[in-house]
Amino acid sequence: KAGVTQTPRYLIKTRGQQVTLSCSPISGHRSVSWYQQTPGQGLQFLFEYFSETQRNKGNFPGRFSGRQFSNSRSEMNVSTLELGDSALYLCASSLGLAGVGYEQYFGPGTRLTVT
Amino acid sequence: QKEVEQNSGPLSVPEGAIASLNCTYSDRGSQSFFWYRQYSGKSPELIMSIYSNGDKEDGRFTAQLNKASQYVSLLIRDSQPSDSATYLCAVIEGYSTLTFGKGTMLLVSP
């Protein structure tokens, strides 16, 4: 069974631009969560989508948004990029809602660099 | 503020020894606990999950959970140099989201 895939793997953007990242979950998984990982803050939860609805949201500004499609694929968007948005963005999929205890499996991540 | 605490390390052990990684959490109502391994430059890889008090074994790995003490640990028996990585503890708090500790770096020397 194929794992979680994320595209693109690497991105370089300029401050003020916007970016869209894509995630395809493991076949049959209906929940997709997004995380930001930086050396200083570690892994921080952005949001979780299940059945095309955002179910949970972390403590990030409104510049960070996402959506989920009917095939469970998900995208996240960051508008008006700031230098501090440089990070590894990770997508994780699970059979059901993470909060219920389903195991989450991570994709390879997208490394975003903002200059 | 819900927190998951781990010693950042590095924890250094010789090849063949038992590595013991520890994690404490603040939310007494937490029900689900996970250990992930992350190699440098890679994404986290799920090692195991544990939901009930006691021990859970999977190959060379044993997870231990003590909800009364709000403590979860991971033991790695017969440690190998390939086990050198950062180990992340994650806890579901409030039936909501997965909260990660900042990880413990493990170094296994040949």
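Let us look at the structure shown here. Bear in mind that the values here come from a model prediction, so they are computed numbers and not experimental data. (Residues numbered from 1 in each chain as written. Chains lettered and ligands numbered in written order. Predicted model: local features only at pLDDT ≥ 70, side-chain atom pairs only at ≥ 80, totals over all residues. Heavy atoms only, no water.)

### Here we look at the overall build of chain A
The secondary structure content of chain A amounts to 0 helices and 11 strands. Relative to its length of 115 residues, chain A is compact, with a C-alpha radius of gyration of 13 Å against a globular reference of 13 Å. Considering only C-alpha atoms, chain A reaches an extent of 35 × 25 × 25 Å along its principal axes. Across the 115 residues in chain A, those meeting the buried criterion constitute 51%. Residue pairs in contact within chain A that sit at least 24 positions apart in sequence constitute 55% of those at least 6 positions apart. Accessible area for chain A stands at about 5,300 Å²; split by element, carbon and sulfur atoms hold 48% of it. In chain A, 11 positive and 6 negative side-chain charges are present, and the distance between their average locations comes to 4 Å. (Helix = DSSP H or I, 4+ residues; strand = E, 2+ residues; numbered from the N terminus. Rg over C-alpha atoms; globule rule 2.2 N^0.38 Å. Buried < 20%, exposed > 50% of the residue type's maximum accessible area, 1.4 Å probe, protein only. Contact = heavy atoms within 4.5 Å. Areas by Shrake-Rupley, 256 points an atom, 1.4 Å probe, with all protein chains shown as cover. Lys, Arg positive; Asp, Glu negative; His and termini not counted. Charge placed at Lys NZ, Arg CZ, Asp CG, Glu CD.)

### Some points on the nonpolar core
Residues Trp-35, Val-72, Leu-74, Ile-76 and Tyr-87 of chain B are the most contacted members of the largest nonpolar core, which totals 23 residues. Going through the elements one at a time, strand S3 (19-25), strand S4 (32-38), strand S5 (45-50), strand S7 (61-66), strand S8 (71-76), strand S9 (85-93) and strand S11 (104-109) of chain B are the ones with two or more residues in this core. If we skip the residues at most four places from it in the chain, Tyr-87 of chain B touches Gln-6, Leu-21, Trp-35, Tyr-36, Arg-37, Ile-47, Leu-74, Ile-76, Gly-103, Thr-104 and Leu-106 of chain B. Core analysis: the next-biggest nonpolar cluster, separate from the first, contains 21 residues, Val-19, Cys-23, Tyr-49 and Cys-91 of chain A among them. (Core = buried A, V, L, I, M, F, W, Y, C linked by side-chain atoms within 4.5 Å.)

### Description of the sheet that holds strand S3 (residues 19-24) of chain A
Residue and element names in this part refer to chain A. Taken in spatial order, the 4 strands line up as S1-S3-S8-S7 in an open sheet, and their pairing is antiparallel. In this open sheet, the two edge strands, each paired with only one partner strand, are strand S1 (5-7) and strand S7 (64-68). Between one strand and the next, the sheet's axes are offset by a mean angle of 20°, whatever the strand orientation. Pairing of S1 with S3 involves 3 bridges; the strand directions are antiparallel. Looking at the pairing, Thr-5 lines up with Ser-24 of S3. (Pairing = 2+ DSSP bridges. Axes fitted to C-alpha atoms, helices over the stretch in contact; angles between N-to-C directions.)

### Some details on the state of the cysteines
Residue and element names in this part refer to chain B. In the structure shown here, the tally under the stated rule is 2 disulfides over all chains. The disulfide that involves Cys-23 links it to Cys-89, with 2.1 Å between the sulfurs. Because the torsion about its S-S bond is -70°, the bridge between Cys-23 and Cys-89 counts as left-handed. In this pair, Cys-23 sits in strand S3 while Cys-89 sits in strand S9, placing the two residues 66 residues apart along the sequence. (Disulfide = S-S within 2.5 Å.)

### Brief notes about the packing of aromatic side chains
Within a pair of aromatic rings, the relevant descriptors are the distance that separates the centres and the angle that separates the planes. Per the counting criterion, the structure on display carries 10 aromatic pairs over all chains. Consider the rings of Tyr-35 of chain A and Phe-100 of chain B, whose centres lie 5.6 Å apart with planes at 85°: the pair is edge-to-face. Note that Tyr-35 of chain A is positioned in strand S4 (residues 31-38) and Phe-100 of chain B in strand S10 (residues 97-100), a pairing that runs across two chains. The same class applies to Tyr-35 of chain A as to Phe-100 of chain B, namely buried. With a centroid separation of 6.1 Å and an interplanar angle of 90°, the aromatic rings of Phe-34 of chain B and Tyr-51 of chain B are classed as edge-to-face. Linking Phe-34 of chain B in strand S4 with Tyr-51 of chain B in the loop between S5 and strand S6 (54-58), this pair joins segments that are 17 residues apart in sequence. Given a relative accessible area of 33%, Tyr-51 of chain B falls into the partly exposed group. Grouping aromatic residues by their ring pairs yields a cluster made of Tyr-35, Phe-45 and Phe-106 of chain A together with Tyr-36 and Phe-100 of chain B. Between Arg-60 of chain B and the ring centre of Phe-61 of chain B, over which it is positioned, the NZ or CZ distance is 5.6 Å. (Phe/Tyr/Trp six-rings, centres within 6.5 Å; stacked < 30°, edge-to-face > 60°. Lys NZ or Arg CZ within 6 Å of the ring centre and 35° of its normal.)

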